Amino acid sequence: MRVLAIGAHPDDVEGLCGGTLIKCAARGDHVTIMIATNGNVGSPTLSREEIAAIRKKEAEASAALIGADLIWMGYDDEFLFHDRETRLAFINAIRKANPDFMIVHGSNDYHPDHRISGEIAIDCRIPVTVPLIETEYPPMSSIPHVFIMDNVGSIGFDPEVYVDVSDSFELKSQMIKCHKSQDEWLQHMYGDDYVELLSRPSVIRGSAIGVKYAEAFRNLPLYPVMGGSHLLP
């Protein structure tokens, strides 16, 4: 299968569904990570251009650990908006990845970029198949199924399906650690331990099903439903 995970920022995917993507890659799926914004405000000392370039390299290194393709959209951090141009860019990127299913942010996430990127991706799932919506990449032959991923605080998210990622958590941690600039940023701004912060949802969800680490998802409850939980590893 072909799998597309769409994160608002570099590191979002690793923290919320990285273990699942590792298991997808291990079973032979073609995995693509798509990142909407360039993280260009995530530094206390570097310029916007400098930190954006660093964050792209970190994202490339993380994706390479599992042999995933990377689609870098490059929108400004904290200023992602749902307009015609952005929707067309998302349609084109999704067509490039040509997924059987997508993993996206939910509508109750804490960050506006998260909520907006998820909204755009969900609203693109049908248009990606429409021939008269013309982009660089051709229309897809079928509508991809959509899973909503957990949020960083695991707040207000009622899991429908869990993936046990205990066996892939070490590699997931390595993916997270590729984003070294964000460890520095979160320590500077909030005093948070970066790996511990992004690992917390996996600990919470693992405890719910009696394993060490898990990731939680919901099927998108909108017509048409194109798949189901059996698509996850």
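Residues numbered from 1 in each chain as written. Predicted model: local features only at pLDDT ≥ 70, side-chain atom pairs only at ≥ 80, totals over all residues. Heavy atoms only, no water.

**Section: the nonpolar core**
So, step 1. If you look at the biggest cluster of nonpolar residues, it comprises 35 residues, and the most contacted ones within it are Cys17, Leu21, Ile33, Phe101, Ile103 and Phe217.
So, step 2. Sorting elements by how many residues they give to this core places helix H1 (residues 12–26) first, with six residues.
So, step 3. With 26 residues, the next largest nonpolar core counts Ala36, Ile71, Met73 and Ile91 among its residues. (Core = buried A, V, L, I, M, F, W, Y, C linked by side-chain atoms within 4.5 Å. Buried < 20%, exposed > 50% of the residue type's maximum accessible area, 1.4 Å probe, protein only. Helix = DSSP H or I, 4+ residues; strand = E, 2+ residues; numbered from the N terminus.)

**Points about empty space enclosed by the protein**
So, step 1. Inspection of the entire model under this criterion finds one cavity of 30 Å³ or more.
So, step 2. Its volume calculated, the largest cavity comes out at about 50 Å³.
So, step 3. Forming the walls of the largest cavity are Arg125, Pro144, His145, Val146, Leu220, Leu222, Pro224, Val225 and Met226. (1 Å grid on protein atoms, 1.4 Å probe; cavity = no way out; pocket = protein on both sides within 12 Å on 5 of 7 lines; lining within 4 Å. Points joined across faces, edges and corners; volume = space filled by probe spheres on them.)

**Overview of the layout of surface pockets**
So, step 1. The calculated volume of the largest pocket comes to roughly 490 Å³.
So, step 2. Taken together, the elements giving at least two residues each to the lining of the largest pocket come down to helix H6 (180–190) and helix H7 (194–209).
So, step 3. A per-element tally of the lining of the largest pocket places H6 first, with four residues.
So, step 4. Taken as a whole, the second largest pocket spans an internal volume of roughly 160 Å³.
So, step 5. Along the walls of the second largest pocket sit 13 residues, with Gly106, Ser107, Ile148, Arg218 and Pro221 positioned nearest its centre.

**So, the pairing of strand S2 (residues 30–37)**
So, step 1. Among the eight residues in S2, seven count as buried, and that is most of the element.
So, step 2. Sheet analysis places strand S1 (residues 2–7) next to S2, joined by six bridges and oriented parallel. Along S2, the bridge assignment pairs Gly7 with Ile35.
So, step 3. Pairing analysis gives five bridges linking S2 to strand S3 (residues 69–75), with the strands arranged parallel. Bridging from a neighbouring strand, Met34 pairs with Ile71 of S3. (Pairing = 2+ DSSP bridges.)

**So, the packing of aromatic side chains**
So, step 1. Scanning the model with the defined rule gives three aromatic pairs in all.
So, step 2. Ring geometry for Phe101 versus Phe147: centroids 5.3 Å apart, planes at 90 degrees, classification edge-to-face. Of this pair, Phe101 sits in strand S4 (residues 101–104) while Phe147 is found in strand S5 (residues 145–149), placing the two residues 46 residues apart along the sequence. Summarising the burial analysis for this pair, Phe101 and Phe147 share the class buried.
So, step 3. Both rings, one in Phe147 and one in Phe217, keep their centres 6.5 Å apart while their planes meet at 65 degrees; by these two values the pair is edge-to-face. Placement of the pair is Phe147 in strand S5 and Phe217 in strand S7 (residues 214–219), with a sequence separation of 70 residues.
So, step 4. Its relative accessible area of 0% is what places Phe217 among the buried residues.
So, step 5. These aromatic residues form a ring-pair network of at least three members: Phe101, Phe147 and Phe217. (Phe/Tyr/Trp six-rings, centres within 6.5 Å; stacked < 30°, edge-to-face > 60°.)

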